Amino acid sequence: MDERSEAPARRRIALVVNGNPVEAEIEPRELLLDFLRHRLGLMGAKRSCDVQVCGSCTVLLDGEPVSACCTLAYEARDRQVLTIEGLADAGRLHVLQEAFIEHAAVQCGFCTSGMILTSLELLREVPAPVPEQVRSHLKGNLCRCTGYRRIIDAVVDAGRRLAAEGASS
Amino acid sequence: MSAETHVVGTSIRRVDGVEKVTGAARFVGDLVVPEMLYGRVLRSPVPHARIARIDVTAAERMPGVVAVLVGRDLEGTDPFYGHAIKDRPIVALDRVRFAGEPVAAVAATDEAAAAEAVWAITVDYEELPAVPTLETALADGAVRLHEGPLRPGLFHGLGELRREEGNICYHYRSSRGEVERAIAGADLVVEGEYTFPAVYQYAMEPHTVIAAWGVDGLTVWASCQHPYLVRAELAELFGLPQVSVRVIVPYLGGGFGSKSYTKMEPLTAALSRKAGRPVRIANRVDEAMVTTRRHNMRCWMRTAATSDGAVVARQCKIWLDTGAYADNGPRVAATAGDAAPGPYRWQAAEVDAWAVYTNTPPAGSYRAFGATHLIWIGEAQIDALARRAGLDPVEFRHRNLLRPGEEVRPGGKPLDADLVGDVTKVAAAVGWGKPKPPLVGRGVSVGLLAAGANPVSTAAIRLQADGTAVLLVSTTEMGQGARTVFTQIAAEELALRPERIRVMGADTQFTPYDRSTGASRSTTLAGKAVLRAAADVRGQLLDIAAGVWGLPRSALAIRDGAVWHETESLSFPTLIARHFGMPGGEMIGRGEVRPERGTGSYAEGPVFWEVCVGGAEVALDPETGRIHLRRLASVADVGKAINPQLVEAQDEGACLQGVGNALFEEMLFEDGVLVNGSLLEYRVPTTADMPDEYRSIIVENADGPGPYGAKGVGEGALAGVVGAIVTALADLGVEMYDLPLSPERVWRRLRELEAQGTVLLRD
Ligand code: FES
Ligand code: FES
């Protein structure tokens, strides 16, 4: 028996990942998380809960945070994906990344890429959020190490810095 | 060591920060080994059964499948593992003892193929009567889960193991004074029965293992906290010399005890052995939940005091549900027994703690085990006695708390912390003594946790020819900041900038022996080994310089990467080149920690007493039973904070886990089958559950056995806040006997109190 004869037809997709055009042949059931990790070797998005509760697999799809564990790779066709690997600019850390380190908002690091990308979207919408806004925005991202306070502080601080940069430029 | 420190005591940035914010940090699941297959596990759907037949032929024929492992493939191995008691088969042999037990495993070329093949395996189970609860397991005539002689594991570490009756896995007893007589002579006695639920550790990275057999033996990349203990167990299971088993641990995505001791490694190794290729098994959350958990518990406790406010005696019986296999149950029972009396001056105290086998998933370690189980109970009774004696709960504790140097339990390490000072601080932090709004209660909780596990660690430092250093230590970095703290200690001792030091992950082929990573021991014990390794290198450098200058060592000093005599200096690279007579070479330093007196046994321990001190201010909604956390506080009584920011971060995380344990976390079993096995149904704290205000208070009395007088933290805050939330609710007249304090449970209790005519809680 030809093992592939019963497999559903594969599809070609094209998308942009971290600014780089990517073309690939995928299986229809392939998850975006597996696509990024197995095909592209981008390991920053992590698998934990598998049911869209923890946020550790978060990536930005056209700027919107999505759980890559519950998104099909096919849904990302012709769109822009940003993973944590694409955030630092030519090796220079993003202000959010700096702030996470400075505030000790990183412990084991397993939640960190999801936390940073989810926060990035908030800062684009609300340039200098107050702690309450960050707290409510991050309620879909679990962290088991930090107790969250430092993460919130880091995002508030990064927002303040970005707003100041924006104002001065 | 000079009294003044430059790097130690400062909050330098985490050394792994950049890797972790850029996604570059590698966890086991991020590694790809050539030829690697993907493994999936078939797990028993029933809690107790004989396996009549397993048919894997269909699965073996499926596309992509390379191997299917079942019990009969374990020939040539010792199929049982367990560091305390060797009772857990690598994969079920002829019987399953819990729903979720691995019955078979498939290795295939991709995950989907492996998952499909698992469904193609057919198993005939002949169900056996099950004992899925403490009550059924302890009943007269209950079926026995384990027969025959008990085989001690390599690291049971608790003295002689006895074959216990029925389903008792381990019994810990401690007794001093004549309890019955003391209680009879007391004025006030409180007594009650309490329960604590099963809880899931939820480290965000579930257990993941890659195992690869090669011509030179077995290599394992594992998300494990204790690489050396895993190596020893694997070597024993597969009959290999230890040198032929290599355990490598990159970063861990949290552990909290869920990855302590041996978990998925034997199964993955056996599957790889059968497949003849490397295999990776990554647990999903539902699988992680049936791999290990926190013990649920039932407890009876009685505490007595005099009417003028002196504690007299305590009596306690504890039954811990350790599930189908012992895992760390014996030690959990022992630490629970140690925590039960609480840090008070008793005339008499008597504790019995039993770990009990049941047909549920094995229970093992979780942050502050034993202490979290018991402290809230003891503290609830202390509060009840204070109320009856008409004394303020903080004042009552002040009168009765042990002082530094006093005996905590007969023969063990005396108290090495200032509990009176600690409780005073948390009380102040939650507004003790200030007027309270209606329906707001305040509570404090004080307890001790036997910390440090066994005091054995070693470390090495290689000072390179250019004056940079590589630190070799087998502590695993699971978020606690061990690599950063070790960097600081080595930087301090060698007068190097932290950027010039690198700490790698554990690799048993290269990094030296360390007993384990857990029990708040890394900074204290591995840190001390690092300090000694650095001092060793320093001594060698001073000797070389002394030789060059013809001066005694005492005339020399080390600073800024060089040895100095007055205004003359020789840099480390210069000294190393002098020593070897050419550019290149390295100075290797070694450091070790072992018991300073006695044998380091459990009875003589612990390495230090970790304080579990918490304060809480809660608001209660009497209509819904909901508890709102207005303020929480905990004390990190660390002796010396090597990195204050990391200390606070650790405690804040522990505190929030305490919130989950106190208020809503609970694994639910129906007839031994887990029914809330996903993060949709098992809730852990989110940003919505944070207290309005939280303070971690650092106390530095340099009274620890670690470097610079340090001692560990990271566990006590959890047990402390659980106790404080319970006593804060009791402050409102609502005494609780079962956790978690879910809205429904509190609401029912309120209605019960109402029916009894106890004062109504209304605005
Ligand atoms: S793994 Fe995708 S949200 Fe948890
Ligand atoms: S840092 Fe470990 S889960 Fe967030």
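Quick caveat, the model's predicted, so the values are computed rather than measured. (Residues numbered from 1 in each chain as written. Chains lettered and ligands numbered in written order. Predicted model: local features only at pLDDT ≥ 70, side-chain atom pairs only at ≥ 80, totals over all residues. Heavy atoms only, no water.)

Chemist: Let's hear about the overall build of chain B: which residues, and what values?
Modeler: When helices and strands are counted, chain B shows 18 helices and 31 strands. Across its three principal axes, chain B shows a C-alpha extent of roughly 90 × 75 × 45 Å. Buried residues in chain B amount to 65% of all 763 residues. Look at the contacts in chain B between residues 6 or more apart in sequence, and 80% of them connect residues 24 or more apart. For chain B, the accessible surface area stands at approximately 25,800 Å², while carbon and sulfur atoms represent 51% of it. Between the mean site of the 78 positive side-chain charges and the mean site of the 94 negative ones, chain B shows a separation of 2 Å. (Helix = DSSP H or I, 4+ residues; strand = E, 2+ residues; numbered from the N terminus. Buried < 20%, exposed > 50% of the residue type's maximum accessible area, 1.4 Å probe, protein only. Contact = heavy atoms within 4.5 Å. Areas by Shrake-Rupley, 256 points an atom, 1.4 Å probe, with all protein chains shown as cover. Lys, Arg positive; Asp, Glu negative; His and termini not counted. Charge placed at Lys NZ, Arg CZ, Asp CG, Glu CD.)

Chemist: Could you give an account of the confidence of the model for chain B, with specific residues and numbers?
Modeler: In the predicted model, chain B carries a mean pLDDT of 95, and 99% of its residues have values of at least 70. For this predicted complex, the interface confidence comes out at an ipTM of 0.96, alongside a pTM of 0.96. (pLDDT = per-residue confidence, 0-100.)

Chemist: Which residues make up helix 5 (residues 149–168) of chain A, and what are the values?
Modeler: Across its 20 residues, helix 5 of chain A extends 29 Å between first and last C-alpha, which sits within 8% of the 28 Å expected from 1.5 Å per residue. Of the residues making up helix 5 of chain A, those classed as buried are Arg 150, Ile 151, Ile 152, Ala 154, Val 155, Val 156, Asp 157, Ala 158 and Gly 159 of chain A. The inward-facing, buried residues of helix 5 of chain A abut helix 2 (95–102), helix 3 (112–125) and helix 4 (131–137) of chain A together with helix 16 (644–663) of chain B. (Expected span 1.5 Å × (residues − 1).)

Chemist: Lay out helix 3 (residues 111–119) of chain B with the relevant residues and their values.
Modeler: Residues and elements named next belong to chain B. For helix 3, the complete set of buried residues consists of Ala 113, Ala 114, Ala 117 and Val 118. Taken end-on, helix 3 shows its buried residues confined to a sector of 140°, consistent with a single buried face. Of the surrounding secondary structure, the elements contacted by the buried residues of helix 3 are strand 1 (37–43), helix 2 (57–60), strand 3 (65–69) and strand 7 (102–108). For helix 3, the capping residue at the N-terminal end is Asp 110, with a side-chain oxygen 3.1 Å from the backbone nitrogen of Ala 112. (Arc of directions from axis to C-beta. Polar contact = N/O pair within 3.5 Å; in protein donor to acceptor, adjacent residues only side chain to side chain.)

Chemist: Quick rundown of the side chain of Glu 715 of chain B? Include the residues and the values.
Modeler: All names here are of chain B. Within the secondary structure, Glu 715 sits in the loop between strand 31 (693–699) and helix 17 (716–730). It turns out Glu 715 is buried and unbridged, and the closest side chain with the opposite charge, Arg 367, is 6.4 Å from it. Look past the residues within four positions of Glu 715 in its chain and what remains in contact with it is Arg 367, Ala 368, Leu 449, Ala 519, Ser 520 and Glu 610. (Salt bridge = Lys/Arg side-chain N within 4 Å of Asp/Glu carboxyl O.)

Chemist: Tell me what's going on with the confidence of the model for chain A, and back it up with residues and numbers.
Modeler: For chain A, the mean per-residue pLDDT works out to 94, and 95% of the residues sit at or above 70. Within the model, pLDDT remains below 50 along residues 1–5 of chain A, and this stretch shows 3 contacts once partners closer than five positions in the same chain are excluded.

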